[in-house]
Amino acid sequence: MTLRFFEGAAGTGKTHNIIEEARSLVLQDVLGEHGRILALTFMNGARRRLLFRLGQHREFHRRYECQTFDVFARRLVARRQSILRHKDELRATAEPLGEFDGPCCLASGLLDDVWIHQWVAASYPLVLVDEAQDLDVHRMGILRSLTESAHVIAGADEFQCLYDGRDTRELMEWLFGAGETTRLTDPMRTDRAGLLTAANAIRNGEDVRATLTQGNARNPTWYGDGFRLVETPASNSGIVGSSIAYEMNRCQGRIAILTPDARNQLLLNALAMVGERVWGKNNFKFGPFPFEWEDRDEDTARTLVEKIALPDETGFEECLAALSPHAEHAAVAAVVGRLRRRRRAFGQTEFSREYISALLEDAVRNQTRHSGHSHNRNVAMTIQRAKNREFPNVIVLWPHSATGSNEHRRRLLYNAVTRATRHCSVVVIGKGLCSRPPFVSEDAEGS
């Protein structure tokens, strides 16, 4: 039918324009009497953001669904098992791809059939896709097929793809060429000149320091309107913690602490101090600054499995006894409920550690999918988890252990900095790191 594509840097209003274009089409009665909007994203964070934005407009009241591509694919595959039985080659291709990519491969193959994508479009005449730059070949196949029968509105910024080494050229060329494209250039997230200039320098591979005013030369600091770049020695966690606490003390309002490496022990020790210790500097005291970690779903599930310490094989009563002490966690409570249903419906009384682990991972994902974020507490998380979100204040902790190509680390730093609406401080942990990419161009490294 049609594809409307919005392309632009972080904070230029891609999601806003997707919503406004959708409102226009709904007012033109594109949904008809029974149609609904299908909003698709790659990650749950983007799904929650899109769900919130759709809920703000009465035109969409009870006429939309927000899903990740993975959930959409699994539901489509479950509905069309009878067709898949006759597609041996497609099933053979999907089988080794795993629990996420496999269903997406199957769904993409199913949607190649005209009548199937027409059947989907009959229920969902309008499809919205945010952060489309993250789509791989299987999810891109789903999107391409949906455009054959539905009105599709998509937003993307190639530079915000954080999957190191993923080639997005085919996807972006298709998005630019398949329909009407609007390039967005005006910043909407923030009006802080220093923050905007620093973000653009990172994106363009330029020396960030050249856009800022240099402060204390002994403790290297560069600053601008809404932005600070601070280099602190990595000699011990106390020094690092002091630098973090000082930056937090300068902030007014909620703070998000972002890092590319949440397993760096020096950083973790420093953050533990920040949350508990009172600090003193220049005859005044500040702190402690409590915050809450937001872990990745797989890390949360892994931690729960380690705490529960199940044997490789266990009976129902023993399994229940091991899980019950941790049932205050919603994911564990959900697993207990599923085990009870398995015994009641199928008489199953023996469960493996692998099976319980898979149930926990699925329950944690569901919990994340349906929960929102608190808007009144300080948080810490990886840069990848912060994607699609925004905070008044951001403190980026950049250790020497940040990995990936220079391009990948530039994208990570850019994505972190552009989460801020009011102020961003980048604390670089290690002397001399500010003279290396991603803070300077590759040509200027070491100069």
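Residues numbered from 1 in each chain as written. Predicted model: local features only at pLDDT ≥ 70, side-chain atom pairs only at ≥ 80, totals over all residues. Heavy atoms only, no water.

Engineer: Where do I start with the overall build of the chain in this structure?
Structural biologist: Regarding its fold elements, the chain presents 18 helices and 18 strands. For 447 residues, the compact-globule estimate of 2.2 N^0.38 gives 22 Å, and the C-alpha radius of gyration of the chain, at 24 Å, lies within 12% of that figure. Taking the principal axes of the C-alpha coordinates as reference, the chain spans close to 70 × 60 × 40 Å. Classification of the 447 residues of the chain by burial places 53% in the buried group. Accessible area of the chain: about 20,700 Å², with a carbon and sulfur share of 46%. When the 58 positive and 57 negative side-chain charges of the chain are each reduced to one mean point, those points stand 6 Å apart. (Helix = DSSP H or I, 4+ residues; strand = E, 2+ residues; numbered from the N terminus. Rg over C-alpha atoms; globule rule 2.2 N^0.38 Å. Buried < 20%, exposed > 50% of the residue type's maximum accessible area, 1.4 Å probe, protein only. Areas by Shrake-Rupley, 256 points an atom, 1.4 Å probe, with all protein chains shown as cover. Lys, Arg positive; Asp, Glu negative; His and termini not counted. Charge placed at Lys NZ, Arg CZ, Asp CG, Glu CD.)

Engineer: Is there a simple way to think about the sheet that holds strand 4 (residues 126-129) in this case?
Structural biologist: Sheet strands associate in pairs through backbone hydrogen bonding, adopting either a parallel or an antiparallel arrangement. Strand order across the open sheet formed by six strands is 3-2-4-5-1-6, with parallel pairing between neighbours. A strand with exactly one partner marks an edge of an open sheet, and here the two such strands are strand 3 (64-68) and strand 6 (180-184). Sheet twist, expressed as the average angle between the axes of neighbouring strands with direction ignored, equals 15 degrees. In this sheet, strand 4 lies alongside strand 2 (residues 37-41) in parallel orientation, the contact comprising four bridges. Looking across to strand 4, one finds that Ala39 is bridged to Leu128. This element, helix 9 (residues 169-177), spans strand 1 (2-8), strand 5 (151-156) and strand 6 of the sheet and lies at about 120 degrees to strand 1. (Pairing = 2+ DSSP bridges. Axes fitted to C-alpha atoms, helices over the stretch in contact; angles between N-to-C directions. Contact = heavy atoms within 4.5 Å.)

Engineer: Got a minute to help me understand unusual backbone geometry in this structure?
Structural biologist: Here the residue pair Gly287 and Pro288 is connected by a cis peptide bond, since its omega of -5 degrees sits within 30 degrees of zero. On the secondary structure map, Pro288 appears in the loop between strand 12 (284-286) and strand 13 (292-293). Look at Asp29: it is not a glycine, yet its phi comes out positive at around 70 degrees. With respect to the element layout, Asp29 can be found in the loop between helix 1 (14-27) and strand 2. Notably, Glu131 is not glycine yet its phi reads approximately 55 degrees, a positive angle.

Engineer: What is the right way to read the nonpolar core from this model?
Structural biologist: When a protein is soluble and globular, its nonpolar side chains tend to lie buried together. By size, the foremost hydrophobic cluster in this structure holds 40 residues, and its most contacted members are Phe72, Val129, Ile142 and Leu175. At six residues, the largest contribution of residues to this core is made by helix 6 (residues 98-111). Ignoring sequence-local partners within four residues, the contact set of Ile142 consists of Phe69, Phe72, Ala73, Cys104, Ala107, Ser108 and Leu111. Judged by nonpolar contacts, the second largest core, of 36 residues, contains Ala199, Ala201, Met381 and Val426. (Core = buried A, V, L, I, M, F, W, Y, C linked by side-chain atoms within 4.5 Å.)

Engineer: Sorry if this is basic, but what is going on with the packing of aromatic side chains here?
Structural biologist: For any pair of aromatic rings, geometry is given as the distance between the ring centres together with the angle between the planes. Applying the stated criterion across every chain, the model contains nine aromatic pairs. Ring plane angle 85 degrees and centroid distance 5.6 Å describe the contact between Phe42 and Tyr163, whose orientation is recorded as edge-to-face. Of this pair, Phe42 sits in the loop between strand 2 and helix 2 (44-54) while Tyr163 is found in the loop between strand 5 and helix 9, placing the two residues 121 residues apart along the sequence. A relative accessible area of 31% means that Tyr163 is categorised as partly exposed. For the pair Phe286 and Phe289, a centre-to-centre distance of 6.5 Å together with 35 degrees between the ring planes defines the contact as tilted. Across the pair, exposure class does not vary: Phe286 and Phe289 are buried alike. Chaining the aromatic ring pairs together yields one cluster made of Tyr246, Phe284, Phe286 and Phe289. Here Arg80 stacks its cationic end above the ring of Trp119, 4.1 Å away from the centre of that ring. Its guanidinium or amino end placed over the ring of Tyr163, Arg166 lies 4.3 Å from that ring's centre, counting from NZ or CZ. (Phe/Tyr/Trp six-rings, centres within 6.5 Å; stacked < 30°, edge-to-face > 60°. Lys NZ or Arg CZ within 6 Å of the ring centre and 35° of its normal.)

Engineer: What exactly am I supposed to notice about the pattern of salt bridges here?
Structural biologist: Close approach of charged atoms allows side chains of opposite charge to pair. Applying the stated criterion to the full structure yields 27 salt bridges. The shortest N-O distance in the salt bridge between Glu247 and Arg228 comes to 2.7 Å. Residue Glu247 is located in helix 11 (residues 237-250), and its partner Arg228 is located in strand 9 (residues 227-232); the two are separated by 19 residues in the primary sequence. The buried category is assigned to Glu247, whose relative accessible area is 1%. A salt bridge links Glu294 to Arg385, with the shortest nitrogen-to-oxygen separation between them at 3.4 Å. Of this pair, Glu294 sits in the loop between strand 13 and helix 13 (297-308) while Arg385 is found in helix 17 (residues 383-386), placing the two residues 91 residues apart along the sequence. Overall, Glu294 belongs to the buried group, its relative accessible area being 8%. A cluster of three or more residues bridged by salt bridges with shared partners is formed by Glu292, Glu294, Arg377, Arg385 and Arg389. (Salt bridge = Lys/Arg side-chain N within 4 Å of Asp/Glu carboxyl O.)

Engineer: Could you clarify how one ought to interpret the sheet that holds strand 18 (residues 420-429) in this entry?
Structural biologist: What the eight strands build is an open sheet, ordered 7-8-9-18-17-10-16-13; its pairing is mixed. Of all strands in the sheet, those bounded by a partner on one side alone are strand 7 (213-214) and strand 13. This element, helix 11, spans strand 9, strand 10 (255-259), strand 17 (391-399) and strand 18 of the sheet and lies at about 165 degrees to strand 9. Sheet strands in contact with helix 18 (residues 406-417) are strand 9, strand 10, strand 17 and strand 18, and its direction is about 150 degrees off that of strand 17.

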